[in-house]
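Residue strings, one per chain:
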Amino acid sequence: MTGPVPTPTRGYTASKDQLLARLRRVEGQVRGIEKMVDEDRYCIDVLTQISAIQAALDKVALGLLDGHARHCMHEGAVEGRADAMATEMMAAVGRLMKRG
């Protein structure tokens, strides 16, 4: 008989509560924009709120990247996968930087 499979520790595990709180705020901001559009609010006001959401998501992404660099990449280096981990992270950063 086998026991439950342990949940792996991720790089963001220590800051998970903060990340989730930030994501919940972003979710509320998105609902706010939906309401603004429904109410035919001024375009620039809607765009300003979209910019705020993008900034908040960037902070979430930076938090995840920080955890990945400090935890996951360290583990990968110990396991002899440093180059592969660096390539994977740089690809993720590249995807984050591509907008519009």
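This structure is a prediction, so every number in the text was calculated from the model and none was measured.

Caption draft 1: Broad picture of the packing of helix α2 (residues 43-78) against helix α3 (residues 82-97). Where α2 contacts α3, the axes come no closer than 9 Å and their chain directions differ by 170 degrees. Classified by the angle between their axes, α2 and α3 sit roughly antiparallel to one another. Contacts between α2 and α3 involve Ala-61, Leu-65, His-68, Ala-69, Cys-72, Met-73, Gly-76 and Ala-77 from the former and Ala-82, Met-85, Ala-86, Glu-88, Met-89, Val-93 and Leu-96 from the latter. Tallied by class, the residues present in the contact of α2 with α3 amount to twelve nonpolar, two polar and one charged.

Caption draft 2: Just the layout of surface pockets, in detail. In this structure, the largest pocket spans a volume of roughly 230 Å³. In this structure, the largest pocket is lined by Arg-10, Gly-11, Tyr-12, Ala-61, Leu-64, Leu-65, Gly-67, His-68, Cys-72, Glu-88, Met-89 and Ala-92. Only α2 and α3 provide two or more residues apiece to the lining of the largest pocket. Residue composition of the lining of the largest pocket, by class: seven nonpolar, three polar and two charged.

Caption draft 3: Spatial organisation of a nonpolar patch on the surface. Taken together, the side chains of Tyr-42, Ile-44, Leu-47 and Ile-50 make up a nonpolar region of the molecular surface, amounting to roughly 400 Å² of accessible area. When you line up the elements, Leu-47 lands in helix α2.

Caption draft 4: Looking closely at the environment of Leu-20. Mapped onto the elements, Leu-20 comes out in helix α1 (residues 16-38). On the basis of relative accessible area, Leu-20 is assigned to the partly exposed category, the value being 35%. Spatially, the C-alpha atom of Leu-20 lies 21 Å from that of Pro-6, the residues being 14 residues apart in sequence.

Caption draft 5: Main features of the environment of Arg-81. Considering the arrangement of structural elements, one finds Arg-81 in the loop between α2 and α3. Accessibility expressed as a relative area gives 39% for Arg-81, which makes it partly exposed. Of the polar contacts made by the side chain of Arg-81, one reaches the side chain of Glu-79; its length is 2.8 Å.

Caption draft 6: Structural detail: the pattern of salt bridges. The tally for this structure, following the rule as stated, stands at four salt bridges. With a shortest N-O distance of 2.6 Å, Asp-66 and Arg-70 are connected by a salt bridge. Of this pair, Asp-66 and Arg-70 both sit in helix α2, four residues apart, which is roughly one turn of the helix. Accessibility expressed as a relative area gives 36% for Asp-66, which makes it partly exposed. Here Glu-79 makes a salt bridge to Arg-81, at a shortest N to O gap of 2.8 Å.

The rules behind each value
Residues numbered from 1 in each chain as written. Predicted model: local features only at pLDDT ≥ 70, side-chain atom pairs only at ≥ 80, totals over all residues. Heavy atoms only, no water. Axes fitted to C-alpha atoms, helices over the stretch in contact; angles between N-to-C directions. Helix = DSSP H or I, 4+ residues; strand = E, 2+ residues; numbered from the N terminus. Parallel < 35°, antiparallel > 145°, perpendicular 65-115°, else oblique. Contact = heavy atoms within 4.5 Å. Nonpolar A, V, L, I, M, F, W, Y, C, P; charged D, E, K, R; others polar. 1 Å grid on protein atoms, 1.4 Å probe; cavity = no way out; pocket = protein on both sides within 12 Å on 5 of 7 lines; lining within 4 Å. Points joined across faces, edges and corners; volume = space filled by probe spheres on them. Patch = residues over 30% accessible without salt bridge, like charges linked within 9 Å, V, L, I, M, F, W, Y side chains within 5 Å. Areas by Shrake-Rupley, 256 points an atom, 1.4 Å probe, with all protein chains shown as cover. Salt bridge = Lys/Arg side-chain N within 4 Å of Asp/Glu carboxyl O. Buried < 20%, exposed > 50% of the residue type's maximum accessible area, 1.4 Å probe, protein only. Polar contact = N/O pair within 3.5 Å; in protein donor to acceptor, adjacent residues only side chain to side chain.

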